[in-house]
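Here are the chains, one letter per residue:
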Amino acid sequence: IAQGDAEKGKAKSVACGACHGADGNSLISMNPKLAGQHTNYLVKQLNDFKLASQTGGKEGRNNAVMNGMAAALSEQDILDISAYFSSQTGTDGETPEDAVELGSKLYSGGDLERGITACIACHGPRGNGTSLSGFPDISGQHADYIKSQLKAFRSGDRANSLNGMMGDIAKKMTDEDIEILSNYVAGL
Ligand code: HEM
Ligand code: HEM
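Predicted model, so just to flag it, every value in this text is computed and none were measured.

1. Description of the domain arrangement of the chain
Many authors give the size of an interface as the accessible area that is lost as the parts come together.
Then, in step 1: Looking at the assigned domains, one finds that the chain contains domain 1 (6-87) and domain 2 (97-186).
Then, in step 2: Inter-centroid distance (C-alpha atoms) of domain 1 to domain 2 is 21 Å.
Then, in step 3: Residue-level contacts link 18 residues of domain 1 with 18 residues of domain 2.
Then, in step 4: The largest contributions to the domain 1 side of the interface with domain 2 come from S29, H38 and R61, which together make up 34% of the buried area.
Then, in step 5: Summed over the shared surface of domain 1 and domain 2, the result is 0 salt bridges.
Then, in step 6: At the boundary of domain 1 and domain 2, one finds 15 residue pairs in polar contact (both at pLDDT 80 or more).
Then, in step 7: Across the side of domain 1 that touches domain 2, the residue classes break down as 5 nonpolar, 9 polar and 4 charged.

Shown next as structure tokens:
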């Protein structure tokens, strides 16, 4: 399997830094932090954006800005840039007081009655996910970005998770669940 070169990736990622931060710690809450994210998750997302650009948004992950950015990258660029951002250290976030109790309950226990699978099963107790199985690190991510993704999974605008895992779960969430979980995860 081809390997990424983080040093080369750093040089190739200059354009990304404008939105995601030079070290992948974006300061804009709608732009995801990429620092410390699992390499293979980043590679998959970039390939998914590229696929959307090639299929008019019908397949992959459709985002007006990112489709174009990813379309311009070669396979090697994607590996190098992903290796670079993954090698950086992600900054921490905070969970607001009022989201701690309900957030941890839903995150760790899910909701059996409503069929919401506990997030902890795939994203882990600290939100770090696991590299090999493709579960992203969601710890310390911007709450606004997480909220936008849970809503996109719920509406089906984002349908790129393996076997529709996230869509199935998000479809059972209320706006309030999404609000609480997003604020909670930001501080993990
Ligand atoms: C999402 C990489 C340039 C704005 C993402 C994601 C990746 C990524 C991997 C998904 C992250 C995740 O799922 O957690 C890159 C790379 C770039 C680049 C490698 C340079 C080649 C940019 C630029 C902008 C931007 C220049 C702003 C103009 C965004 C936004 C999202 C995103 C808004 C979230 C999309 C959504 O809501 O689905 N980017 N990015 N990115 N990026 Fe970039
Ligand atoms: C992706 C949150 C439960 C599997 C994501 C993302 C968020 C999230 C915010 C997008 C990350 C990003 O864009 O950077 C949650 C929450 C959960 C939950 C709050 C509990 C309510 C689960 C469970 C599974 C799972 C139980 C496994 C069965 C995945 C996978 C992805 C993902 C595979 C990556 C999708 C892709 O490849 O694009 N999750 N998740 N999640 N989640 Fe979850």
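2. Examining the site of ligand 1
Then, in step 1: Surrounding ligand 1, one finds 20 residues, the nearest of these being C16, C19, H20, Y41 and M66.
Then, in step 2: At a separation of 3.0 Å, an oxygen atom of ligand 1 approaches a polar side-chain atom of Q149.
Then, in step 3: Mapped by element, the contributors of at least two residues to the shell around ligand 1 are helix 2 (14-20), helix 3 (39-54), helix 4 (64-71) and helix 8 (143-155).
Then, in step 4: Ranked by residue count, the leading element in the shell around ligand 1 is helix 3, at 5 residues.
Then, in step 5: Considered class by class, the residues forming the shell around ligand 1 number 14 nonpolar, 5 polar and 1 charged.

3. Regarding the nonpolar core
When a protein is soluble and globular, its nonpolar side chains tend to lie buried together.
Then, in step 1: Among the nonpolar cores identified, the biggest contains 17 residues, and Y107, L150, M173, L181, V185 and L188 are the most heavily contacted of them.
Then, in step 2: When contributions to this core are tallied by element, the ones reaching two or more residues are helix 6 (97-109), helix 8, helix 9 (165-170) and helix 10 (175-186).
Then, in step 3: For V185, the residues in contact, after removing those within four places along its chain, are Y107, I138, S139, G140 and I146.
Then, in step 4: In terms of nonpolar packing, the next biggest core, distinct from the first, is built from 14 residues, L42, V43, L73 and F85 among them.

4. Side note on the coordination of the iron atom of ligand 1
Ideal geometry at a metal centre gives angles of 109.5 degrees when four donors are arranged tetrahedrally and 90 or 180 degrees when six donors are arranged octahedrally.
Then, in step 1: Protein-derived coordination of the iron atom of ligand 1 comes from H20 (NE2) and M66 (SD), at a distance range of 2.0 to 2.2 Å.
Then, in step 2: Bound by 6 donor atoms, the iron atom of ligand 1 shows angles of 87 to 178° at the metal and therefore octahedral coordination geometry. In this pair, H20 sits in helix 2 while M66 sits in helix 4, placing the two residues 46 residues apart along the sequence. Exposure class is identical for H20 and M66. Each is buried.

Thresholds, definitions, all that
- Residues numbered from 1 in each chain as written.
- Chains lettered and ligands numbered in written order.
- Predicted model: local features only at pLDDT ≥ 70, side-chain atom pairs only at ≥ 80, totals over all residues.
- Heavy atoms only, no water.
- Domains from an automatic or database assignment.
- Contact = heavy atoms within 4.5 Å.
- Buried area = accessible area lost by both parts, 1.4 Å probe.
- Salt bridge = Lys/Arg side-chain N within 4 Å of Asp/Glu carboxyl O.
- Polar contact = N/O pair within 3.5 Å; in protein donor to acceptor, adjacent residues only side chain to side chain.
- Nonpolar A, V, L, I, M, F, W, Y, C, P; charged D, E, K, R; others polar.
- Near = heavy atom within 4 Å.
- Helix = DSSP H or I, 4+ residues; strand = E, 2+ residues; numbered from the N terminus.
- Core = buried A, V, L, I, M, F, W, Y, C linked by side-chain atoms within 4.5 Å.
- Buried < 20%, exposed > 50% of the residue type's maximum accessible area, 1.4 Å probe, protein only.
- Donors = N, O, S within 2.8 Å, 3.2 Å for Na, K, Ca; no water.
- Tetrahedral: all angles 85-135°; square planar, octahedral: opposite > 155°, others 65-115°.

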